[in-house]
Amino acid sequence: MSRIKRWFNANKGKFDLDGTLKNEAREKMLHRGISHAAIDDYVLRMQEEYDHLKHLDETEPEPWPIYTAYDFFTAEEKQQFNPDGSLKPEYVEAAIKRGTSLKWLEEMERRKKIDVDNYNRVSAQYAEQGINFGEEEMKERMASSRTYVQRRKQMEIDLRNFEDDDSLPFDKDTSF
């Protein structure tokens, strides 16, 4: 989303779309005892910030990578489900041959479609606030996976140093 949209959200409705201070906001400031000069100084600084952000949005738009719920499916889920959360026909066919009930498959599909709808709804709500929900989620997952690797390496060191089992991040019988 644009820098301007985030600027508007951060300033909680004090400004019009062109970056000018709303009359109601000015009146509230005056009512709180803020001087005309202080308000004018504030408006000037905010207008400069608005103009700068608007210029950046026009000349150097921020990247906005698009992530879908499907990007967060596990490898197994990608074999089972389509991007919309519906089950793949070949998976349904194979599952029925293995003895999985049709009712359970319908429930799996229902749940996954709810997950996809929730992701889409939350993503749209965040986008209205200028936040790329999918990108934030992906960054969080990447950070978690890096932390896992770091914890695993530390555990290998701890095992060599004969640390107590209860201080280890994983079960010591875990194979790496």
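Right above here is the structure, for reference.
Below you will find a few notes about this structure. Note that the structure is predicted; figures quoted are calculated from it, not measured. (Residues numbered from 1 in each chain as written. Predicted model: local features only at pLDDT ≥ 70, side-chain atom pairs only at ≥ 80, totals over all residues. Heavy atoms only, no water.)

Considerations on the overall build of the protein chain
Across its full length, the protein chain carries seven helices and zero strands. Order of helices (α) and strands (β) in the protein chain, N terminus to C terminus: α-α-α-α-α-α-α. The globule rule puts the C-alpha radius of gyration for 176 residues at 16 Å, and the 26 Å found for the protein chain is more than 25% above it. The principal-axis extent of the C-alpha atoms belonging to the protein chain is close to 75 × 50 × 35 Å. Nonlocal contacts in the protein chain, meaning residues at least 24 apart in sequence, comprise 50% of its contacts between residues at least 6 apart. Carbon and sulfur atoms provide 52% of the accessible area of the protein chain, an area that totals close to 12,400 Å². Once the 29 positive and 37 negative side-chain charges of the protein chain are each reduced to a mean point, those two points are 2 Å apart. (Helix = DSSP H or I, 4+ residues; strand = E, 2+ residues; numbered from the N terminus. Rg over C-alpha atoms; globule rule 2.2 N^0.38 Å. Contact = heavy atoms within 4.5 Å. Areas by Shrake-Rupley, 256 points an atom, 1.4 Å probe, with all protein chains shown as cover. Lys, Arg positive; Asp, Glu negative; His and termini not counted. Charge placed at Lys NZ, Arg CZ, Asp CG, Glu CD.)

Re helix α1 (residues 3-10)
The complete set of buried residues in α1 reads Arg-3, Ile-4, Trp-7 and Phe-8. For α1, the angular spread of the buried residues around the axis is 140 degrees, confining them to a single face. At its buried positions, α1 is contacted by α3 (36-59). Taken from the residues just after α1, Lys-12 is the one with a positive phi, measuring 40 degrees. (Buried < 20%, exposed > 50% of the residue type's maximum accessible area, 1.4 Å probe, protein only. Arc of directions from axis to C-beta.)

Quick notes on the packing of aromatic side chains
Going through the model one piece at a time under the given rule, you end up with nine aromatic pairs. Where Phe-15 meets Tyr-42, the ring centres are 6.1 Å apart and the plane angle is 45 degrees; that geometry is what we call tilted. With Phe-15 in the loop between α1 and α2 (23-31) and Tyr-42 in helix α3, this residue pair connects regions lying 27 residues apart in the sequence. For the pair shown, Phe-15 and Tyr-42 are each scored as buried. Relative to Tyr-119, the ring of Phe-72 has its centre 5.6 Å away and its plane inclined at 45 degrees; by these criteria the two rings are tilted. Here Phe-72 is found in the loop between α3 and α4 (75-80), whereas its partner Tyr-119 is found in helix α6 (residues 102-128), with 47 residues between them in sequence. What makes Tyr-119 buried here is its relative accessible area of 10%. Of the aromatic side chains, those joined through ring pairs into one cluster are Tyr-67, Phe-72, Tyr-119, Tyr-126 and Phe-133. The ring of Tyr-70 carries the charged tip of Lys-78 above its face, separated from the ring centre by 5.2 Å. Its end group placed over the ring of Phe-81, Lys-112 keeps NZ or CZ at 5.6 Å from the ring centre. (Phe/Tyr/Trp six-rings, centres within 6.5 Å; stacked < 30°, edge-to-face > 60°. Lys NZ or Arg CZ within 6 Å of the ring centre and 35° of its normal.)

Brief notes about a positive patch on the surface
The grouping of Lys-12, Lys-14, Lys-28 and Arg-32 at the surface amounts to a positive patch. Along the chain, Lys-28 turns up in helix α2. The exposure class assigned to Lys-28 is exposed, which follows from its relative accessible area of 59%. (Patch = residues over 30% accessible without salt bridge, like charges linked within 9 Å, V, L, I, M, F, W, Y side chains within 5 Å. Salt bridge = Lys/Arg side-chain N within 4 Å of Asp/Glu carboxyl O.)

Topic: α6
Over its 27 residues, α6 extends 39 Å from the first C-alpha to the last, a length consistent with the 39 Å expected when each residue adds 1.5 Å. Of all the positions in α6, only Leu-105, Met-108, Lys-112, Val-116, Tyr-119, Val-122, Ser-123 and Ala-127 are classed as buried. Two residues or fewer past α6, Gly-130 is found with a positive phi of approximately 85 degrees. (Expected span 1.5 Å × (residues − 1).)

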